[in-house]
Amino acid sequence: TPASLTILEPGPDASYDREVVDEVGYLVAEVPIAIQTTGPIARVALSAGARALGDADTSGRFAAAFRDDGALTVTAIGYDAAGRAVAEAAVAITIVAPEVADCHGWLDLYGQAYELGPDNEGVGDPVTLAPPVNGLPYRYTESTSPRASFFMDCSLALSLLRAAPQLRERGVVEVADIGVYNYRCIGEGTPPDCPNGLSQHAHAKAIDLAGFTDADGAFYSVQDDWVIDPAGEDTCDAAVEMTKRSAA
């Protein structure tokens with residue numbers, strides 16, 4: 001029987017919403033793939049663009065997850081027992097960004113526990129999170145225990161939700177912070193007398209990160225464990241050099 005390969009699922013031009021939180025904390029679209037083969041096909045390898053997804057199982061199925069929005073092409077290549085490509089099929093699909101009504105809708109989509117308020121001065125959309133934040137604990141730097149609640153503007157909460165998988169992928173298991181809300185000016189002055197305007201902390205839209213703890217229990221302080229030497233460059237463009245590892 002000649003080798004042939006058909007992609008049964010997904011169908012052509014199907015779209016999938018990115019609305020499931022994966023084990024790392026990213027919002028992904030789950031895409032089931034089903035393959036039908038005939039003839040001497042021993043293995044079916046799957047890819048999406050330049051990304052290798054893996055092999056379909058013996059029943060021709062595979063569960064894929066995609067983090068990025070937009071159009072992509074899922075390709076299936078069948079190989080015989082000698083490792084030769086003997087059949088191929090492809091299908092175009094689209095990954096769609098979630099649609100939510102407001103910032104609170106994002107928190108709900110991530111499954112983040114929170115309460116509205118309190119209505120502190122300067123804060124436009126106040127929420128109080130019940131950490132961890134997308135699986136990542138936060139600890140006030142002068143405390144030995146993780147935060148049990150965390151007040152901020154909803155926009156900052158969404159930023160922390162999106163940052164969590166980036167940190168966890170890099171081995172961070174806890175973040176130490178110096179605080180969020182502080183109704184104060186930039187530089188000198190006392191609100192509402194602020195020559196340079198209100199600080200973003202006054203709007204609960206800024207967080208000062210003090211350090212990071214990894215899975216081995218080592219704590220990396222932003223004060224002591226990195227040196228930023230711009231050497232004529234802007235700070236954010238300068239190289240960062242780790243100098244030492246702090247004791248846990």
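Our subject is the structure that appears above.
Anyway, here's the lowdown on the structure attached to this text. These numbers were taken from a predicted model, which means no experiment stands behind them. (Residues numbered from 1 in each chain as written. Predicted model: local features only at pLDDT ≥ 70, side-chain atom pairs only at ≥ 80, totals over all residues. Heavy atoms only, no water.)

## Regarding the side chain of Asp22
(1) Moving on: As for its position among the elements, Asp22 is in the loop between strand 3 (20-21) and strand 4 (27-38).
(2) Moving on: In this structure the side chain of Asp22 is engaged in a polar contact, spanning 2.8 Å, whose partner is the backbone nitrogen of Gly25.
(3) Moving on: Not counting residues within four places of it along the chain, the set of residues in contact with Asp22 comprises Val28 and Arg67. (Helix = DSSP H or I, 4+ residues; strand = E, 2+ residues; numbered from the N terminus. Polar contact = N/O pair within 3.5 Å; in protein donor to acceptor, adjacent residues only side chain to side chain. Contact = heavy atoms within 4.5 Å.)

## Topic: the packing of aromatic side chains
(1) Moving on: In total, this model carries two aromatic pairs according to the counting rule given.
(2) Moving on: Plain terms: the ring middles of Tyr138 and Phe150 are 5.5 Å apart, the flat faces sit at 50° to each other, and that makes the pair tilted. Note that Tyr138 is positioned in strand 12 (residues 138-140) and Phe150 in strand 13 (residues 150-153), a separation of twelve residues in sequence. Accessibility assignment for this pair places Tyr138 and Phe150 in one class, buried.
(3) Moving on: The aromatic ring of Tyr79 is capped on one face by Arg43, whose charged end is 4.5 Å from the ring centroid. (Phe/Tyr/Trp six-rings, centres within 6.5 Å; stacked < 30°, edge-to-face > 60°. Buried < 20%, exposed > 50% of the residue type's maximum accessible area, 1.4 Å probe, protein only. Lys NZ or Arg CZ within 6 Å of the ring centre and 35° of its normal.)

## Side note on the pairing of strand 4
(1) Moving on: By the bridge criterion, five bridges tie strand 1 (residues 4-9) to strand 4 in an arrangement that is antiparallel. In the strand pairing of strand 4, Glu9 is matched with Ala34.
(2) Moving on: Judged from the two bridges that link them, strand 3 and strand 4 form a sheet pairing that is antiparallel. Residue pairing across strands places Val20 opposite Val28, the latter belonging to strand 4.
(3) Moving on: Taken together, strand 3 and the strand that follows it, strand 4, pair antiparallel across an intervening segment of five residues, in which Gly25 is found at a positive phi of about 120°. (Pairing = 2+ DSSP bridges.)

## A few points about unusual backbone geometry
(1) Moving on: Glu9 connects to Pro10 through a cis peptide bond whose omega is 5°.
(2) Moving on: Look at the link from Pro191 to Pro192: it is a cis peptide, with omega at 5°.
(3) Moving on: With respect to the element layout, Pro192 can be found in the loop between strand 14 (172-179) and strand 15 (208-214).
(4) Moving on: One non-glycine residue, Asp13, lies in the positive phi region at around 65°.

## With respect to the layout of surface pockets
(1) Moving on: Estimated volume of the largest pocket: approximately 180 Å³.
(2) Moving on: Contributing to the lining of the largest pocket are Ile35, Thr37, Ile41, Ala42, Arg43, Val44, Ala56, Asp57, Thr58, Ser59 and Gly60.
(3) Moving on: For the lining of the largest pocket, the elements supplying multiple residues, two or more each, are strand 4 and strand 5 (43-48).
(4) Moving on: For the lining of the largest pocket, the residue count by class is five nonpolar, four polar and two charged. (1 Å grid on protein atoms, 1.4 Å probe; cavity = no way out; pocket = protein on both sides within 12 Å on 5 of 7 lines; lining within 4 Å. Points joined across faces, edges and corners; volume = space filled by probe spheres on them. Nonpolar A, V, L, I, M, F, W, Y, C, P; charged D, E, K, R; others polar.)

## So, the nonpolar core
(1) Moving on: Judged by nonpolar contacts, the single largest core of 28 residues is most densely connected at Leu107, Leu129, Tyr138, Phe150, Met152 and Leu160.
(2) Moving on: In terms of residues, this core owes the most to one element, helix 2 (residues 154-169), which gives eight residues.
(3) Moving on: Not counting residues up to four positions away in its chain, the partners in contact with Leu107 are Gln112, Tyr114, Val127, Leu129, Cys154, Ala157, Leu158 and Leu161.
(4) Moving on: Core analysis: the second largest hydrophobic core is formed by 25 residues, Ala29, Leu46, Ala64 and Ile93 among them. (Core = buried A, V, L, I, M, F, W, Y, C linked by side-chain atoms within 4.5 Å.)

## Quick word on the sheet that holds strand 9 (residues 85-96)
(1) Moving on: Across the sheet, five strands lie side by side as 2-9-8-5-6; this open sheet has mixed pairing. Either end of the sheet is taken by a strand with one partner, and the two such strands are strand 2 (14-17) and strand 6 (51-55). Across the sheet, the mean angle from the axis of one strand to that of its neighbour is 30°, orientation sign disregarded. (Axes fitted to C-alpha atoms, helices over the stretch in contact; angles between N-to-C directions.)

## Digging into helix 2
(1) Moving on: Between its terminal C-alpha atoms helix 2 stretches 24 Å, which fits the 22 Å expected from 16 residues at 1.5 Å a residue.
(2) Moving on: Within helix 2, the full set of buried residues consists of Cys154, Leu156, Ala157, Leu158, Leu160, Leu161, Ala164, Pro165 and Leu167.
(3) Moving on: Looking at the buried positions of helix 2, the neighbouring elements they touch are helix 1 (103-110), strand 11 (126-129), strand 12, strand 13, strand 14 and strand 15.
(4) Moving on: Within two residues after helix 2, Gly171 carries a phi angle of roughly 90°, on the positive side. (Expected span 1.5 Å × (residues − 1).)

## Some words on the environment of Ala29
(1) Moving on: Looking at the element boundaries, Ala29 is found in strand 4.
(2) Moving on: Residue classification places Ala29 among the buried positions, given a relative accessible area of 0%.
(3) Moving on: Once the C-alpha coordinates of Ala29 and Asp17 are considered, the two residues, twelve residues apart in sequence, prove to be 5.4 Å apart.
(4) Moving on: Residues contacting Ala29, with those up to four places away along its chain left out, are Tyr16, Asp17, Arg18, Ala64, Ala65, Phe66 and Ile95.

No statement about biological role is implied by the geometric values presented.
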